[in-house]
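# Topology and contacts: notes
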Amino acid sequence: MASQVKFLDTTLRDGEQSAGIGMTVEEKMQIARQLARMKVDIIEAGFAASSPGDFEAVSRIANEVEGPIICSLSRAVAGDVDAAWNAIKGAKKPRIHVFLSSSEIHQMHQLRKDREDVMNMAVDMVSRAKGYCDDVEFSPMDATRTNRDYLYRMLEEVIKVGATTINIADTVGYAIPSDFQTMLNDIQQNVRGIENVTLSVHCHNDLGLAVSNSLAAIEVGARQVEGCINGIGERAGNASLEEIIMALDTRKDFFGVDLNVDTTQIYPSSRLVSRITGMNVQANKAIVGENAFRHASGIHQDGVLKDRSTYEVMKPERVGLPPDVQLVLGKLSGRAGLQARLETLGFSLDREEVTGVYQRFLELADKKPEITDRDLEILMDEENRSTSEPVTYALETVHFTSGDKDIPTATVRLIGPDGETRTDASTGNGPVDAVCRAIDRVVGTTARIEDFQVQAVTEGRDSVGSVTMRIENSGRIFTGRGANTDIIVASAQAYLSAMNRMLAADEEAALPAVGTTPD
Ligand SMILES: [Zn+2]
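The paragraphs below set out a description of the structure included in this document. Since the structure is predicted, the reported quantities are computational estimates derived from the model, not experimental observations.

## Some details on the pattern of salt bridges
With the rule as written, the count across this model stands at 38 salt bridges. We note a salt bridge from Arg271 to Glu377, for which the minimum N-O separation is 2.8 Å. Placement of the pair is Arg271 in helix α12 (residues 266–277) and Glu377 in helix α16 (residues 373–388), with a sequence separation of 106 residues. Accessibility assignment for this pair places Arg271 and Glu377 in one class, buried. Of the charged contacts in the structure, one is a salt bridge between Asp366 and Lys331, with a shortest N-O distance of 3.2 Å. Taken as a pair, Asp366 in helix α15 (residues 351–367) and Lys331 in the loop between α13 (298–306) and α14 (335–344) lie far apart in primary sequence, 35 residues in all.

## Topic: the pairing of strand β1 (residues 6–9)
Judged from the four bridges that link them, β1 and strand β8 (residues 224–227) form a sheet pairing that is parallel. Residue pairing across strands places Leu8 opposite Glu226, the latter belonging to β8. As paired strands, β1 and strand β2 (residues 42–46) are joined by two bridges and run parallel to one another. Opposite Leu8, over in β2, you have Ile42 as the bridge partner.

## What about the environment of Ile488?
With respect to the helices and strands, the residue Ile488 is situated in helix α18 (residues 487–509). With 475 residues separating them along the chain, Ile488 and Arg13 place their C-alpha atoms 33 Å apart. Sequence-distant contacts of Ile488, that is, excluding residues within four places in its chain, are made with Phe400, Pro431, Val432 and Val435.

Rules and cut-offs
- Residues numbered from 1 in each chain as written.
- Predicted model: local features only at pLDDT ≥ 70, side-chain atom pairs only at ≥ 80, totals over all residues.
- Heavy atoms only, no water.
- Salt bridge = Lys/Arg side-chain N within 4 Å of Asp/Glu carboxyl O.
- Helix = DSSP H or I, 4+ residues; strand = E, 2+ residues; numbered from the N terminus.
- Buried < 20%, exposed > 50% of the residue type's maximum accessible area, 1.4 Å probe, protein only.
- Pairing = 2+ DSSP bridges.
- Contact = heavy atoms within 4.5 Å.

Without other data, these values stay purely geometric and don't point to any function.
Right, dumping it as structure tokens:
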């Protein structure tokens, strides 16, 4: 049994699909590059056949990101397998990941096909994938609710035609650790040829057990685990990759397995994914939460000051947290200091880029003597927005009146795609509502606000407000962000940024429709 556990990160596929974030290709590239720095073994870059945008993202990642194996998901249909290959063929280490429902529930209700037909589809499509590339992963979807004998036979057949990784997906988050171990033991005992391939697991967190189930699987021989940074993903999310990694790293005495991953890149990866997806990490989240290494009790603080190991099972530096989280930068901080700090937050810049950012940093430092990590993230967001976000409409001015006796009213002026400015106004039940309605009037479409979060970036009354807004239109969700000392202005920026993403997606949607997305 190999003693190395491989990590397949599916933040860009399972994570993206669920969060409904509508990441741009450029944003996906940023995440993929960071995952490569973190040395994950495999990046599942997307589901190439699902949309032209996904195809482009997978293909660019395959061509430009070096180090990890680059993988595309594919349904067990010829067109999907072909699209997956076309997207990843530029990679140094390409992989096609074919999935198909193995449970009767899914076959009857979703695929509407009989069991032998499904078996043939699996065999045919794994063979087809194998014709393109040697590295082929196969996932029986909803495996944990599948008839065992049928599952064993299906796995044997796909191994015979060349599958190199078999991934047991607990698609609906139904498994319990000890029960899951029994199932994996049974598979290893009953499937001929399984000893020659990598056994993988893909766990969902519906019962809060995704990480536990993944670790339980490793104990009994799984040598690949799939998951997402910060545990994002469909419904309650996927297994949190960083939690599994740190459990294996911290309890090497117990698991006794090796990892390729650079654990010090965990924190930068977490910050980057949180920022791009607009999905905040809960403060008490293990490993990457804001409080993960904070000690509140007096007795604990006293112990930690004497020796950190008294109340910490791992060092913050091990996950890439700077030793002094409270460190602030100021006017006198040099370029190198700025660059090092930005790297901790998941931004890696070349020398020329640092020079550009440094100028903005000095301007900010003139207004605000102490610059924190959150200030830097906002600064970088502004810097990046112009390059990584679609801009159909740009916000020129926003004006509003409001109060407990007034009718909230807003006027906005936007610069349209043709370069012309357009102005309109609206009332609303509050200033944010009025601003959004005014933007709707200029853009000529509308969306429902599904989630609206305002956060003070730093402490103090003069703090910048950061707004994250998720909007919904015909079942699709888009996220936008904005930052300003005035939260109404920040809201206008966030709403417009989400609208721009929606408009860009509308253009793309003129192309063929997406099939059933997996999970
Ligand atoms: Zn999944």
